[in-house]
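Take a look at the letters that make up each chain.
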Amino acid sequence: MKRLATLPGGRRAKWLVLAAWLILAMALGPLAGKVADVEDNDANAYLPGNAEAAVVNDRLEGFHTDEVLPAVVVYVREGGITTADRDAAEADRKELAPLVPDGAIEPPVASEDGDALLLTVPVPYSGEFSDVLNRTREVAGAGAPADLQVKVTGPAGALQDTIDVFDDLDGTLLIGSAIVVALLLLLIYRSPVLWLVPLISVGFASVLSQVITYAGGKFADLPVDGQSAGLLTVLVFGVGTDYALLLIARYREELTRHEDRHAAMQIALRRSGPAILASAGTIVIGLLCLLLADLNSSQSLGWVGAAGVLCGFLAMVTVLPALLVILGRWIFWPFVPNFGQTQRAEHGGWARIGAAVAKRPRLSWVAATLVMGALALGATGLNFGLTQSEMYTSTPDSVAGQRLVAAHYPGGSSAPADVIAKASAEKQVIETVEQVDGVAEVQPVKFSRDRGLVQVPVVLEDDPDTPAAERTVDRLRDAVHGIEGADAKVGGATASALDTQRAVSRDSKLVIPVVLAVVLLVLIALLRALVAPLVLLVTVVLSYFGALGASNLLFEHAFDWAGVHHSLPLLGFVFLVALGIDYNIFLMTRVREEVGLQGHGRGVQSGLTSTGGVITSAGLVLAATFSILVSLPLVTMAELGVLVGLGVLLDTFLVRTVLVPALSLDIGKGMWWPGALHRLLREGGPAAASGESQGPAAENSRPRGENIPL
């Protein structure tokens, strides 16, 4: 197993590894650009598979030759619609008729205040959906009289605005991630060439991850949507670069101890490999826990993200070390690590931080905990739920149109609820629906092609994305479910939002405990102790709540966003626990190694000193890549970027730098209970007896290449 792990550092094997990746990239590269072909961004893609709204969406397919979504064209003139305005709306109706099924578009409906007209265009939801919707926007109001406001909204308009965002998402994130990572690597390494090696390796990982995503969606029928496909790029670049930084730092250190660069790389892989493997394994398993969720979009993010992290791990422990060994020491120019060069990490800033924490460990961890607790208080004001108009950082056409509709029509006019029932129960369903509190009107019914089902459009009094409308949907469902033999279901935009909200609540109660259990088991297996894993898990959870509170303060006071999406706490928790534990893994595996050599107190300080620079660099890279999401026009993704980026920074600069080392020092040797290291320290073995008094010179004299039998 060890020989396999160190294979990329071999004299001949390095060429085989590089050749294998080149062949893989050339053979599978064409598939990498086809992820969009398997993306599913329709209504059911962001719903639980068993949701009532999803059942309604499926049943609606039986009502038309092509499934349709209504686009609502609203015409508004403050002071009253004129004859010329009505003529313009009628002209639009006639011009758009050939684009819709059966050429049937109902005449415009005037508002009670006489200031608006509403034209509903049934847009076929097929491969031509975007073309028809964009043509509708071109036609609508093209010949309108002066001062007449014309906007296209409704479910079709909102969906097209979302599609426009996701169409540019992959390219934006790919370019943005590459630029951010390249700039940070240049600053970190201060080398004109070294930064290219991890970037090339991440490129290999990115290609492979996209191929796996395409294959999973195409041949395994796994869910893939625009959100998960976009986040895939961020994960691969962020996590992959983290692993590259860790391996390169250890390789550089070993180059000063070994004249043969192949031996240096093999030892670097042997030493850093377990930490990288544990990190990747924790993230992969944590993300795969999202497959337990009911929400299709969460399942998509789970397996797609796991595939990306796995590809990043494979590339960083194979093609990256192969490239580094092939290129030789000169790749580090102008700071080339020479054999026999003295390591001075202990005399730097991280040594001073370690000494300060060691001087008063209890005060340090109490102060850090209080800071986290104070930040966490910001989460008490979380405002859950975003309306359609609040989902964007800008104001797209559908949002502006929705506001016009809400000002002149019953709130639900642009997105009626759909009641689907057996056709034989039509009359009873209509009578029941009309009696429900919160229903403004029942629109003309439609029948399925086989005449077996009836669709009853129900206009709600309140805006479709408000809590009041959701309460009306609950009342509707209670009422129609009680109609014997009707098999009635309620769907539509409001019902979809309600089903999503409740699914996220159920998913959180299931997924969060599973993620915590998985992470704990990985840490126990890695550190071969129980106390240290429990302590690390508590610190990461504390960091999550601190990040959530601090993020909410930014949402309200810096970005002026109206609230948070219901899925943010769950997705943020999974990402931050899985990603945040990374730095604790990197730190504590090195601490464990140093404790076995030097004793507990000095080992903790030495572990912090030796990993300080690389973990800080890794944290900055990961936080920066996630911060790219803030530039996107979708509030949901921007909020996730802020939460994860801020959480990673807290983990990097407070949890890993102060909280974990201080707790380790305060708890003492019991941190490693009940493992072999704890027994060794308790029994006063060689490391425990002499380690605390070892000087800096011992750092370069001990046999790093040997395994420590703990």
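Rules behind the numbers
Residues numbered from 1 in each chain as written. Predicted model: local features only at pLDDT ≥ 70, side-chain atom pairs only at ≥ 80, totals over all residues. Heavy atoms only, no water. Salt bridge = Lys/Arg side-chain N within 4 Å of Asp/Glu carboxyl O. Helix = DSSP H or I, 4+ residues; strand = E, 2+ residues; numbered from the N terminus. Buried < 20%, exposed > 50% of the residue type's maximum accessible area, 1.4 Å probe, protein only. Axes fitted to C-alpha atoms, helices over the stretch in contact; angles between N-to-C directions. Left-handed = near helix turned anticlockwise from the far one by under 90°. Contact = heavy atoms within 4.5 Å. Nonpolar A, V, L, I, M, F, W, Y, C, P; charged D, E, K, R; others polar. Pairing = 2+ DSSP bridges. Phe/Tyr/Trp six-rings, centres within 6.5 Å; stacked < 30°, edge-to-face > 60°. Lys NZ or Arg CZ within 6 Å of the ring centre and 35° of its normal. Patch = residues over 30% accessible without salt bridge, like charges linked within 9 Å, V, L, I, M, F, W, Y side chains within 5 Å. Areas by Shrake-Rupley, 256 points an atom, 1.4 Å probe, with all protein chains shown as cover.

(A) Quick peek at the pattern of salt bridges. Summed over the entire model, instances satisfying the criterion amount to 20 salt bridges. A salt bridge links Arg137 to Asp161; the shortest N-O distance between them is 3.2 Å. With a gap of 24 residues between them, Arg137 in helix H6 (residues 129-139) and Asp161 in helix H7 (residues 154-189) connect regions that are remote in the sequence. Taken as a pair, Arg137 and Asp161 share a single burial class, namely buried. Measuring nitrogen to oxygen at the nearest pair gives 3.5 Å for the salt bridge that ties Arg137 to Asp397. Of this pair, Arg137 sits in helix H6 while Asp397 is found in helix H15 (residues 397-408), placing the two residues 260 residues apart along the sequence.

(B) How the structure looks around the packing of helix H9 (residues 226-255) against helix H12 (residues 319-327). Direction vectors running N to C along H9 and H12 enclose 35°, while the axes themselves pass 11 Å from each other. As H9 packs across H12, the resulting crossing turns out to be right-handed. Residues Ala244, Leu247, Ile248 and Tyr251 of H9 lie in contact with H12, whose contacting residues are Leu320, Pro321, Leu324 and Val325. A breakdown of the residues in the contact of H9 with H12 according to their chemical character gives 8 nonpolar, no polar and no charged.

(C) Focus on the pairing of strand S3 (residues 116-124). Among the 9 residues that make up S3, 8 are buried, leaving the element largely enclosed by the rest of the structure. Pairing between strand S1 (residues 68-76) and S3: 9 bridges, direction antiparallel. Across the sheet, residue Tyr75 finds its bridge partner in S3, namely Leu117. Taken together, strand S2 (residues 109-110) and the strand that follows it, S3, pair antiparallel across an intervening segment of 5 residues, in which Gly114 is found at a positive phi of about 75°.

(D) How the structure looks around the packing of aromatic side chains. Throughout the structure, instances matching the rule amount to 9 aromatic pairs. Seen from their ring centres, Tyr544 and Phe545 are 5.1 Å apart, and the 65° between their planes marks the pair as edge-to-face. A relative accessible area of 40% means that Phe545 is categorised as partly exposed. Pairwise contacts between aromatic rings join Tyr243, Tyr583 and Phe586 into one cluster. One cation-aromatic arrangement involves Arg190 over Phe335; the distance from NZ or CZ to the ring centre is 4.7 Å. When the ring centre of Phe447 is taken as origin, the NZ or CZ atom of Arg451, which lies over that ring, is 4.2 Å away.

(E) Seen up close, a nonpolar patch on the surface. Side chains of Leu174, Ile175, Ile179, Leu183 and Leu186 sit close together on the surface and give an oily, nonpolar patch of about 440 Å² of accessible area. The residue Leu186 is located in helix H7 in this model.

(F) The sheet that holds S3, seen in detail. If you trace the 4 strands from one edge of the open sheet to the other, you get S2-S3-S1-S4, paired in antiparallel fashion. Two strands close off the open sheet at either side, each with one partner strand: S2 and strand S4 (149-153). Pairing of S2 with S3, which is carried by 2 bridges, proceeds in the antiparallel orientation. Within S3, the residue paired with Ala110 across the bridge is Leu117. Strands in contact with helix H5 (residues 83-96) are S1 and S3; relative to S3, the strand with the most contacts, it is inclined by about 5°. H15 rests against S1, S3 and S4 of the sheet, and its axis sits at about 110° to S4.

(G) Looking closely at the side chain of Ser617. Topologically, Ser617 is positioned in helix H21 (residues 600-627). Residue Ser617 is classed as buried on the basis of its relative accessible area of 14%. Among all residues touching Ser617, those that are not within four sequence positions of it are Ile188 and Leu245.

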